[in-house]
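Here is how the chains run, residue by residue.
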Amino acid sequence: MPLTAQRQEVGLLLGGVLSQSRTSQDGKVDLSTGTALQANYAFRFFGGEDSKVAVLGEFHFLANPQRTIASTNTAATRDIATLFATPGIRVKFLPGGPVSPYFAVGGGYALYEQSTLQIDGAPNPAPRTIGRGAFMLGGGADFKLWRFIGLRGEIRDFYTGSPAYNIASIRGGQHNVVVSGGIVLKFQ
């Protein structure tokens with residue numbers, strides 16, 4: 001497939017980070033669902049509108065202002081906020097069609113901000129912010145509405161290290177699954 005003129009996309013999405021539970025010998029942590037505000041910029045560097053496959057470099061940004069925490073261990077952090085910044089690659093099928101499914105993979109940075117209080121109301125000894133590496137995997141579809149405007153639906157999983165829960169036995173990786181939808185704008 002020949003290299004075509006540059007093609008850019010900007011996606012603005014609203015969604016939710018799904019709830020989850022993590023269990024250890026020192027207690028269970030239940031994270032609530034949370035709002036996911038997302039922006040995505042992509043640059044197509046291989047394939048055109050008339051090709052079967054296009055490859056895009058992308059930068060995905062997600063902000064989640066708060067997920068509350070419930071736990072049997074009252075020394076746990078009360079809530080967390082999250083930022084993910086993950087550059088990656090997106091492979092899009094039938095990019096000029098009315099429906100263009102895709103999958104994306106990337107990696108980058110996760111920033112967790114812990115509450116200043118524990119569940120029991122005591123001051124939180126955990127660091128206010130903690131950075132982690134992030135691996136992102138996802139997929140979705142773009143739906144063409146009009147020449148340069150479309151709709152997007154997608155699911156992404158941001159796999160990161162754990163936030164500071166104040167529960168020493170909860171360590172290792174954490175899946176942060178996000179379901180979202182929004183608009184996509186295409187331009188040269």
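Quick note: structure is the one above.
The paragraphs below set out a description of the structure included in this document. Nothing here was measured: the structure is a model prediction, and the numbers come from that model.

1. Observations concerning the environment of Thr-74
Here is step 1: Note on placement: Thr-74 falls in the loop between β5 (53-71) and β6 (79-93).
Here is step 2: Taking relative accessible area as the criterion, Thr-74 reaches 42% and is therefore assigned partly exposed.
Here is step 3: Each C-alpha atom of the pair Thr-74 and Ala-134 lies 28 Å from the other, and the pair is 60 residues apart in sequence.
Here is step 4: What Thr-74 contacts, discounting residues up to four positions off in sequence, is Gln-118, Ile-119 and Asp-120.

2. Remarks on the pattern of salt bridges
Here is step 1: One pass over the full model with this rule turns up ten salt bridges.
Here is step 2: Asp-142 is paired through a salt bridge with Lys-92; the nearest N and O atoms lie 2.6 Å apart. One end of the pair, Asp-142, is in strand β8 (residues 129-146); the other, Lys-92, is in strand β6, and 50 residues separate them in sequence.
Here is step 3: When salt bridges that share partners are traced, they join Glu-9, Glu-58, Arg-90, Lys-92, Asp-142, Arg-152, Glu-154 and Arg-156 into one network.

3. Concerning the packing of aromatic side chains
Here is step 1: Enumeration over the complete set of coordinates arrives at four aromatic pairs.
Here is step 2: With a centroid separation of 6.4 Å and 90 degrees between ring planes, the pair formed by Phe-84 and Tyr-112 is classed as edge-to-face. Here the residue Phe-84 occupies a position in strand β6, and Tyr-112 occupies one in strand β7 (residues 99-114), the gap between them amounting to 28 residues. The pair Phe-84 / Tyr-112 is uniform in exposure class, with both members buried.
Here is step 3: Taking NZ or CZ as reference, Arg-90 lies 5.2 Å from the ring centre of Tyr-102, over its face.
Here is step 4: Above the ring of Trp-146, the side-chain terminus of Arg-147 is found at 5.3 Å from the ring centroid.

4. Remarks on the environment of Lys-144
Here is step 1: Mapped onto the secondary structure, Lys-144 falls in strand β8.
Here is step 2: C-alpha separation for the pair Lys-144 and Thr-68, spaced 76 residues apart in sequence, amounts to 36 Å.
Here is step 3: Ignoring sequence-local partners within four residues, the contact set of Lys-144 consists of Glu-49, Gly-96, Gly-97, Pro-98, Ile-149 and Gly-150.
Here is step 4: At a separation of 3.1 Å, a polar atom in the side chain of Lys-144 contacts the main-chain carbonyl oxygen of Gly-96.

5. What to know about unusual backbone geometry
Here is step 1: A positive phi is found at Leu-94, a non-glycine position, where the angle reads about 50 degrees.
Here is step 2: Here Leu-94 falls in the partly exposed class, since its relative accessible area comes to 48%.
Here is step 3: Backbone geometry places Asn-166, a non-glycine residue, at a positive phi of 70 degrees.
Here is step 4: Note on placement: Asn-166 falls in the loop between β9 (149-161) and β10 (173-187).
Here is step 5: Judged by relative accessible area, which is 26%, Asn-166 ranks as partly exposed.

6. Details of the pairing of β9
Here is step 1: Pairing between β8 and β9: twelve bridges, direction antiparallel. Bridge pairing in β9 links Phe-143 to Leu-151.
Here is step 2: Connecting β8 to the next strand, β9, in antiparallel fashion are two residues.
Here is step 3: Looking at chain direction, β9 and β10 are connected through 13 bridges and run antiparallel.

7. What to know about the pairing of β10
Regular strands show a simple pattern: their side chains alternate between the two faces of the sheet.
Here is step 1: Relative to β10, strand β1 (residues 7-17) runs antiparallel, the two being bridged by ten bridges. Looking at the pairing, Glu-9 lines up with Lys-186 of β10.

8. Structural notes on the side chain of Thr-160
Here is step 1: Among the secondary structure elements, Thr-160 is positioned in strand β9.
Here is step 2: Of the polar contacts made by the side chain of Thr-160, one reaches the side chain of Tyr-112; its length is 2.6 Å.
Here is step 3: Excluding residues within four positions of it along the chain, Thr-160 makes contact with Phe-84, Ala-110, Tyr-112, Gly-133, Ala-134, Gly-172, Gly-173, Gln-174 and Asn-176.

Definitions and limits used
- Residues numbered from 1 in each chain as written.
- Predicted model: local features only at pLDDT ≥ 70, side-chain atom pairs only at ≥ 80, totals over all residues.
- Heavy atoms only, no water.
- Helix = DSSP H or I, 4+ residues; strand = E, 2+ residues; numbered from the N terminus.
- Buried < 20%, exposed > 50% of the residue type's maximum accessible area, 1.4 Å probe, protein only.
- Contact = heavy atoms within 4.5 Å.
- Salt bridge = Lys/Arg side-chain N within 4 Å of Asp/Glu carboxyl O.
- Phe/Tyr/Trp six-rings, centres within 6.5 Å; stacked < 30°, edge-to-face > 60°.
- Lys NZ or Arg CZ within 6 Å of the ring centre and 35° of its normal.
- Polar contact = N/O pair within 3.5 Å; in protein donor to acceptor, adjacent residues only side chain to side chain.
- Pairing = 2+ DSSP bridges.

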